[in-house]
Amino acid sequence: MAFYIARQASKVWRRICGEVALEIPLLAQKWKLLLAGLLFQMMDFTFMDWRPEGFIIYIGLDQYFRMLGSFFFQWELGPDKAYISETVFTFIFFSFFLWTFHPFISQSKKIYTVLIWCRVLAFLVASQILRIITFYSTQLPGSNYHCREGSKLARLPLPDNALEVLLINFPRGVIYGCGDLIFSSHMIFTLVFVLTYQKYGATRWVKQFSWLVAVIQSLLIIASRKHYTVDVVVAWYTVSLVVFFVDKKLTELPDRSPGPTSIPLLPLSAKSEDGKNKEEHKKLLNGIPHTQ
């Protein structure tokens, strides 16, 4: 696909158009993989709806830590500050999302947006399959405040039709779900993003900061009682292993040489070529040697 851009166009706009020309053919080849990965995100929430709610145990607050052995980490944020962990997760998600599109505006680029998302979605799907199997086979009492005994939000309402079976988790189930604990979905996304940037990112301090934020996010998830410690710990080593082995099976991403895009955004016109030739001829007449 050829793009013709006026010479007075800004550098950022020319980079964006050049990157679009590079990414569209990749999107045409890989759209099925991207679509399958995106559809699986909805399947993950659907399986959360179908988990056996009858096995979820509700216990009193006074027995909460004693029964589950959670004395290891008793500090908590409280219901009024649970938003902090979601804020950090939102920061991680959108920071990574924006980074994957940096080739469209940045002159220094190392990745192709379509190919990096194919890789990320492969990591997510493999991890989420293991997560679905795990929380179906291992049921723990809901760790969040709304899952405790006496809460009106501990159970979702019964669906009235088949459509509600698929949509019951949106949006109430996402916020007030109980039982999909081992292992943490928030940590799946966080670790996949951090591990991907660790390999393909270019800024060292951002990599170090990403790992620090991942650790903070882990503690905040536990402190907000969205997951048990075991959910977060299992996510750390499971997602890391999944990314390691899946990455070995996938084709390595092609290297992008540093510098501007290889697509000629502003091809020289015949007039420009004539002017260049006249300038070189004038240099020869003046006794200046011509250099290639």
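These numbers come from a predicted model, not from an experiment. (Residues numbered from 1 in each chain as written. Predicted model: local features only at pLDDT ≥ 70, side-chain atom pairs only at ≥ 80, totals over all residues. Heavy atoms only, no water.)

1. Topic: the overall build of the protein
Looking only at helices and strands, one finds 10 helices and zero strands in the protein. If you list the helices and strands of the protein from N to C, you get α-α-α-α-α-α-α-α-α-α. The proportion of buried residues among the 292 residues of the protein is 42%. Within the protein, contacts between residues at least 6 apart in sequence are counted, and of these 81% link residues at least 24 apart. Accessible area for the protein stands at about 17,300 Å²; split by element, carbon and sulfur atoms hold 67% of it. (Helix = DSSP H or I, 4+ residues; strand = E, 2+ residues; numbered from the N terminus. Buried < 20%, exposed > 50% of the residue type's maximum accessible area, 1.4 Å probe, protein only. Contact = heavy atoms within 4.5 Å. Areas by Shrake-Rupley, 256 points an atom, 1.4 Å probe, with all protein chains shown as cover.)

2. Regarding the packing of aromatic side chains
Applying the stated criterion across every chain yields a total of 17 aromatic pairs. Taking 5.0 Å as the distance between ring centres and 50° as the angle between the ring planes, the aromatic pair formed by Phe 97 and Phe 101 counts as tilted. Using a relative accessible area of 33% as the deciding quantity, one classes Phe 101 as partly exposed. Among the aromatic side chains, those forming a connected cluster through ring pairs are Phe 89, Phe 93, Phe 94, Phe 96, Phe 97, Trp 99, Phe 101, Phe 104, Trp 117, Phe 189, Phe 193 and Tyr 197. (Phe/Tyr/Trp six-rings, centres within 6.5 Å; stacked < 30°, edge-to-face > 60°.)

3. Describing helix H3 (residues 83-100)
Between its first and last C-alpha, H3 extends 26 Å over 18 residues, near the 26 Å set by a 1.5 Å rise per residue. Taken as a whole, H3 has its buried residues at Ser 85, Val 88, Phe 89, Ile 92, Phe 96, Trp 99 and Thr 100. Looking straight down H3, one finds its buried side chains confined to an arc of 105°; they lie on one side. For H3, the exposed residues lying more than 90 degrees away from the buried face are Tyr 83 and Leu 98. (Expected span 1.5 Å × (residues − 1). Arc of directions from axis to C-beta.)

4. Concerning the nonpolar core
Counting residues in each nonpolar core, the largest one holds 41 residues, and the members touching the most others are Trp 117, Val 120, Leu 124, Phe 183, Val 192, Phe 193 and Val 239. For this core, the elements supplying multiple residues, two or more each, are helix H1 (11-49), H3, helix H4 (113-137), helix H7 (185-200), helix H8 (204-223) and helix H9 (229-249). When residues no more than four places from it in sequence are discounted, the contact partners of Phe 183 are Ser 127, Leu 130, Arg 131, Thr 134, Ile 188, His 227, Asp 231, Val 234, Ala 235, Thr 238 and Val 239. (Core = buried A, V, L, I, M, F, W, Y, C linked by side-chain atoms within 4.5 Å.)

5. Regarding the pattern of salt bridges
What the rule picks out here adds up to three salt bridges. Between Lys 199 and Glu 252 there is a salt bridge; the shortest N-O distance is 3.1 Å. Here the residue Lys 199 occupies a position in helix H7, and Glu 252 occupies one in the loop between H9 and helix H10 (270-285), the gap between them amounting to 53 residues. Note on Glu 252: relative accessible area 44%, which makes it partly exposed. Here the salt bridges share partners, and the residues they tie into one network are Arg 119, Lys 199, Asp 247 and Glu 252. (Salt bridge = Lys/Arg side-chain N within 4 Å of Asp/Glu carboxyl O.)

6. Examining the environment of Phe 45
Looking at where Phe 45 falls in the secondary structure, it is placed in helix H1. Remark: the alpha-carbon pair of Phe 45 and Ile 132, spanning 87 residues in sequence, is separated by 9.6 Å.

7. Digging into the packing of H3 against H4
The interhelical angle for the contact between H3 and H4, taken along N-to-C directions, is 140°, at an axis separation of 9 Å. With respect to H4, the axis of H3 lies oblique. Residues Phe 96, Phe 97 and Thr 100 of H3 pack against Thr 113, Ile 116, Trp 117 and Val 120 of H4. Partitioned by chemical class, the residues of the contact of H3 with H4 number five nonpolar, two polar and no charged. (Axes fitted to C-alpha atoms, helices over the stretch in contact; angles between N-to-C directions. Parallel < 35°, antiparallel > 145°, perpendicular 65-115°, else oblique. Nonpolar A, V, L, I, M, F, W, Y, C, P; charged D, E, K, R; others polar.)

8. Topic: the confidence of the model for the protein
Of the residues in the protein, 63% reach a pLDDT of 70 or more, and the chain-wide mean stands at 75. Across the protein, the secondary-structure element scoring lowest on mean pLDDT is helix H2 (residues 61-68), at 44, and the one scoring highest is H7, at 93. Below pLDDT 50 for its whole length, residues 52-73 participates in 41 contacts with residues either more than four positions away or in separate chains. Low pLDDT (under 50) marks residues 259-271, which in the prediction has 19 contacts with non-local residues, meaning those over four places away or in another chain. (pLDDT = per-residue confidence, 0-100.)

9. Observations concerning the side chain of Ser 127
For Ser 127, the location among the structural elements is in helix H4. Residue Ser 127 is classed as buried on the basis of its relative accessible area of 0%. Apart from residues lying up to four places away in sequence, Ser 127 is in contact with Phe 183, Ile 188, Val 239 and Val 242.

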